[in-house]
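Architecture at a glance
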Amino acid sequence: MLRILSVLAFSLLLLFGGCDDSKNRLSVLSGPTMGTTWSVKYTGTPSDGGVQALKADIVAALEQVNAQMSTYRPDSNISRFNHAEPGALMVLPSDLVKVLHAAFLLSEQTDGAYDVTVGPLVNLWGFGPDPERFEPPKHSEVEAALTRVGWQKLMLSEQQLLQPGGVYVDLSSIAKGYAVDKVADLLDRYGLSNYLVEVGGELRGKGSKPYKQPWRVAVERPIAGVREVEQVVDLKDMAVATSGDYRNFFESQGRLFSHTIDPRTGYPVQHKLASVSVLHKSAMIADGLATAMTVLGPDEGMAFAKDHELAVFFIVRTEKGVKELSTPEFDAIVEGK
């Protein structure tokens, strides 16, 4: 009897050991893209060609976004538009048209606090493809760049975009988020229902980690040179994007100049908002909103977020340190309500 039980136990061990435990096995894919990195964590088994085919498709999808929307690539669709002659009518790919439509809507909703034509100002302040600078530009230079800014200058008809002359579109505030959504859609097509996608800090999660654990991501404390956690968020069928002034800035004569330029004034934002995180079903929308909230600041931004019932988390600098502000929608998601 003992021998029979031992054989049975051994057989059961082989049986369960041979089962596919892919639902509880975390797989990771990663690589470089858009001057930063991407990663995909998932459970399950990809259909239609397996892991190698999935990674190849992810790389191809990210390359497609980069080839269309990067201002750092002179041959990209948006770079060719930016340098086109006045009156040029360019036919754009469908992905780029989709991103522009989303950007236009956000520009209209925020009365120009979000504006993808801010490129001339971003470049002037040294935060674009042009060489960085270590002192602010002259007021006359800012005024000259402002004449080229204004999303209303862009005329998009179906897939044709008219270059009125001198308009420079910068999609860095929304393209990474769109890339996250594009990869997430690809994972869905591969039959994966549990994953976390990250491109340059923008994330979108679906389902759960192994053993039904949530995809848990951290919002950093906005202190330059420090990596500490300020808030933890569980991403379930949700994306998060964070924008802040504590990573990308320059200092001149004792003043800090943020990389976030207010398209309405031509100058870097001067309020006390250190960082803002936005939760949304779409990483593209979360990405754009995070920039918009950073421009609007804690007061205007909170009012806008509440009016539009957005899930937003603000970290504001005060004389006593940082203060957290959040909308009811953000609190409800974090608290699992």
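For the structure itself, consult the block above.
The structure contained in this document is the topic of the report that follows. Quick caveat, the model's predicted, so the values are computed rather than measured. Throughout this description, residue numbers start from 1 for each chain and increase along the sequence as written. Only residues with pLDDT of at least 70 are given local features in this predicted model, and only at 80 or more are side-chain atom pairs given and counted; all residues enter the totals for whole chains, interfaces and linings. Excluded from the side-chain calculations are hydrogens and water; all other atoms, namely the structure's heavy atoms, are used.

1. Points about the overall build of the protein chain
Worth spelling out the cut-off: Secondary structure elements are defined from DSSP: runs of H or I of at least 4 residues count as helices, runs of E of at least 2 residues count as strands, and each element is numbered from the N terminus. Partly exposed residues are those whose accessible area sits between 20% and 50% of the maximum for their type, while under 20% is buried and over 50% is exposed, using a 1.4 Å probe and protein chains only. Only the protein chains shown count as cover for residues, and the accessible areas themselves come from Shrake-Rupley with a 1.4 Å probe.
When its secondary structure is counted, the protein chain shows nine helices and 15 strands. With 337 residues in all, the protein chain has 49% of them scored as buried. Total accessible area on the protein chain is roughly 17,000 Å²; 53% of this is exposed by carbon and sulfur atoms.

2. Observations regarding the side chain of Asn194
Applied cut-off: Under the rule applied, a polar contact is a pair of N or O atoms within 3.5 Å (in protein, one hydrogen donor and one hydrogen acceptor; residues adjacent in sequence only if both atoms are side-chain atoms). By definition in these notes, contact holds between two residues if any of their heavy atoms fall within 4.5 Å.
Within the element layout of this structure, Asn194 appears in strand β6 (residues 194-199). From its side chain, Asn194 meets the backbone nitrogen of Ser208 in a polar contact 2.8 Å long. Not counting the four nearest positions on each side in its chain, Asn194 is found in contact with Lys41, Tyr42, Thr43, Lys206, Gly207, Ser208 and Trp215.

3. Observations concerning the layout of surface pockets
Just so we agree on the cut-off: Only protein atoms enter the calculation, which uses a 1 Å grid: trapped sets of points that fit a 1.4 Å probe without letting it out are cavities, open sets showing protein on both sides within 12 Å along at least five of seven lines are pockets, and any residue with an atom within 4 Å of a point is a lining residue. Grid points are joined across faces, edges and corners, and a volume is the space filled by probe spheres set on the points. Residues were grouped as follows: Ala, Val, Leu, Ile, Met, Phe, Trp, Tyr, Cys and Pro as nonpolar; Asp, Glu, Lys and Arg as charged; and all remaining residues, including Gly, as polar.
In this structure, the largest pocket spans a volume of roughly 1,600 Å³. Forming the walls of the largest pocket are 50 residues, and the residues nearest its centre are Ser172, Lys176, Gly200, Glu202 and His259. Taken together, the residues of the lining of the largest pocket break down into 23 nonpolar, 17 polar and 10 charged.

4. Some points on unusual backbone geometry
With a phi angle near 55 degrees, Glu158 is a residue other than glycine that sits in the positive phi range. Relative to the elements of secondary structure, Glu158 occurs in the loop between β4 (155-157) and β5 (160-162).

5. Quick look at the nonpolar core
Worth spelling out the cut-off: Only buried residues count toward a nonpolar core. Its members are Ala, Val, Leu, Ile, Met, Phe, Trp, Tyr and Cys residues joined through side-chain atoms within 4.5 Å.
Ile58, Leu100, Val169, Leu171, Leu187 and Met293 are the most contacted members of the largest nonpolar core, which totals 67 residues. Per-element accounting of this core gives the leading share, 12 residues, to helix α8 (residues 283-307). Core analysis: the next-biggest nonpolar cluster, separate from the first, contains 14 residues, Val217, Val233, Val240 and Phe330 among them.

6. Quick look at the sheet that holds strand β3 (residues 89-91)
Basically, it comes down to this: At least two DSSP bridges between two strands are required for those strands to pair. Lines fitted to C-alpha atoms define the axes, with helix axes restricted to the stretch in contact, and inter-axis angles between N-to-C directions lie between 0 and 180 degrees.
Spatial strand order, β3-β5-β4: three strands in an open sheet with antiparallel pairing. Where the open sheet ends on each side, the last strands, each with one partner, are β3 and β4. Averaged over all neighbouring strand pairs, the angle between strand axes comes to 25 degrees, with direction disregarded. Bridge count between β4 and β5: three bridges; the pairing is antiparallel. What sits directly across from Ser157, in β5, is Gln160.

7. A look at the packing of helix α2 (residues 50-69) against helix α4 (residues 94-109)
Quick note on the threshold: Any angle that is under 35 degrees is reported as roughly parallel, and any over 145 degrees as roughly antiparallel; angles of 65 to 115 degrees are reported as roughly perpendicular and all others as oblique. The hand of a helix crossing depends on one turn: near helix anticlockwise from the far one by less than a right angle means left-handed, and clockwise means right-handed.
For the pair α2 and α4, the least separation of the axes is 9 Å and the interaxial angle reads 65 degrees. By the criterion of interaxial angle, the relationship of α2 to α4 is roughly perpendicular. Remark: the crossing between α2 and α4 carries right-handed chirality. Across from Gln64, Gln68 and Met69 in α2, the residues of α4 making contact are Asp95, Leu96 and Val99. Its residues placed into classes, the contact of α2 with α4 shows three nonpolar, two polar and one charged.

8. Focus on the packing of aromatic side chains
Quick note on the threshold: Stacked, tilted and edge-to-face are the three classes applied to pairs of Phe, Tyr and Trp rings, where Trp contributes its six-membered ring and a pair requires centres within 6.5 Å; stacked means planes under 30 degrees apart, edge-to-face means over 60, and tilted covers the rest.
Within this structure, the stated rule accounts for three aromatic pairs. Between Trp125 and Tyr267 the ring centres are 5.6 Å apart and the planes differ by 65 degrees, which places this aromatic pair in the edge-to-face class. Highlighted residues: Trp125 in the loop between α5 (119-124) and α6 (139-146) and Tyr267 in the loop between β12 (255-258) and β13 (273-280), separated in sequence by 142 residues. The class for Trp125 is buried, based on a relative accessible area of 0%.

9. Re the packing of helix α7 (residues 175-189) against α8
A pair of packed helices is captured by two measures, namely the crossing angle of their axes and the spacing between those axes. Look at α7 against α8: their axes get within 7 Å of each other, and the N-to-C directions meet at 165 degrees. The orientation of α7 relative to α8 falls into the category roughly antiparallel. By crossing handedness, the relation of α7 to α8 is classed as right-handed. In this structure, α7 contributes Ala175, Lys176, Gly177, Tyr178, Val180 and Asp181 to the contact, and α8 contributes Ala283, Met284 and Asp287. Classifying every residue of the contact of α7 with α8 by side-chain character gives five nonpolar, one polar and three charged.

These results come straight from atomic positions and should not be treated as a statement about function.
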